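Summary of the model geometry
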Amino acid sequence: MTHFSKGSARLDGVSPKTDKLATTLFSDALDMLAEGEPLNVLLVVEDIHGARASYTISDDDEKALISKAHNQVRELACQGGDDDINLNMPVRYAIAYMGAIETRQADGFKDALILEFGEKGYKSYSAYSYVKGRGHKFAWNDPSPAGEVEPLL
């Protein structure tokens, strides 16, 4: 993950509501992988009232899908939400997708479920969990922090 720093105007840490949103999405993504389902890029956005909008972004290459998820969050913020789905101004989000993380050992990269999450006024972060056996003898490790990422809200 790329390190990002945007000054000290943002709060450190993660609010309980953002933690719950991110943990739920991460768990849902692990369940999909355990079932052998395609993951694509999953996005969930929540407004100040707790209304949520979920998106599955697919049909493109991996970098483009992640970029589309980032842009979706930014667009919803610029539009003040989405009246068609009763979503007010978004205040938190979480994005989950498959990727590869370099290991500290000499064995290169391992498949990982990657999570990005953030909240308006807070720094945004990422985490990952190594995964294997997708759909058959599925296994994962506890999530590890991957660092600060660019805030989308």
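As a starting point, this report considers the structure included with it. Source: prediction; values computed, not measured. (Residues numbered from 1 in each chain as written. Predicted model: local features only at pLDDT ≥ 70, side-chain atom pairs only at ≥ 80, totals over all residues. Heavy atoms only, no water.)

**Describing a negative patch on the surface**
Together, D28, D31, E35 and E37 line one region of the surface with negative charge. Note on placement: E37 falls in the loop between α1 (16–34) and β1 (41–47). On the accessibility criterion, E37 (37% relative accessible area) is partly exposed. (Patch = residues over 30% accessible without salt bridge, like charges linked within 9 Å, V, L, I, M, F, W, Y side chains within 5 Å. Areas by Shrake-Rupley, 256 points an atom, 1.4 Å probe, with all protein chains shown as cover. Salt bridge = Lys/Arg side-chain N within 4 Å of Asp/Glu carboxyl O. Lys, Arg positive; Asp, Glu negative; His and termini not counted. Charge placed at Lys NZ, Arg CZ, Asp CG, Glu CD. Helix = DSSP H or I, 4+ residues; strand = E, 2+ residues; numbered from the N terminus. Buried < 20%, exposed > 50% of the residue type's maximum accessible area, 1.4 Å probe, protein only.)

**Some thoughts on the nonpolar core**
Formed by 22 residues in total, the largest nonpolar core has its most connected members in V41, L43, V45, Y93 and I95. Within the residue set of this core, elements represented by two or more residues are β1, β2 (52–57), α2 (62–79), β3 (90–102), β4 (109–119) and β5 (124–132). The biggest single contributor to this core is α2, with five residues. Beyond its immediate sequence surroundings of up to four residues, L43 is in contact with A53, S54, Y55, I57, A69, Q72, V73, Y93, A94 and I95. Listed in part, the 21 residues of the second largest apolar core include L33, M98, L115 and A127. (Core = buried A, V, L, I, M, F, W, Y, C linked by side-chain atoms within 4.5 Å. Contact = heavy atoms within 4.5 Å.)

**A closer look at the layout of surface pockets**
Approximately 180 Å³ is the volume attributed to the second largest pocket. If you trace the second largest pocket, you find it lined by I101, E102, T103, R104, Q105, K110, Y128, Y130 and P145. Of all the secondary-structure elements, those providing two or more residues to the lining of the second largest pocket are β3 and β5. (1 Å grid on protein atoms, 1.4 Å probe; cavity = no way out; pocket = protein on both sides within 12 Å on 5 of 7 lines; lining within 4 Å. Points joined across faces, edges and corners; volume = space filled by probe spheres on them.)

**Points about the pairing of β4**
Among the 11 residues in β4, eight count as buried, and that is most of the element. As judged from the 11 bridges shared by β3 and β4, these two strands associate in the antiparallel manner. Looking at β4, one finds that R92 is bridged to E119. Summarising the sheet, β4 and β5 pair through six bridges and their orientation is antiparallel. Opposite L113, over in β5, you have S129 as the bridge partner. (Pairing = 2+ DSSP bridges.)

**Side note on empty space enclosed by the protein**
Under the counting rule described, the total for this entry stands at one cavity of 30 Å³ or more. In terms of residue count, the dominant contributor to the lining of the largest cavity is β4 (three residues). In the lining of the largest cavity, the residues fall into three nonpolar, four polar and two charged. (Nonpolar A, V, L, I, M, F, W, Y, C, P; charged D, E, K, R; others polar.)

**Section: unusual backbone geometry**
With phi around 70°, D59 is a residue other than glycine that occupies positive phi space. Among the secondary structure elements, D59 is positioned in the loop between β2 and α2. With relative accessibility at 74%, the residue D59 sits in the exposed group. Even without glycine at this site, N86 takes up a positive phi of about 55°. Tracing the backbone shows N86 in the loop between α2 and β3. Judged by its relative accessible area of 63%, N86 is exposed.

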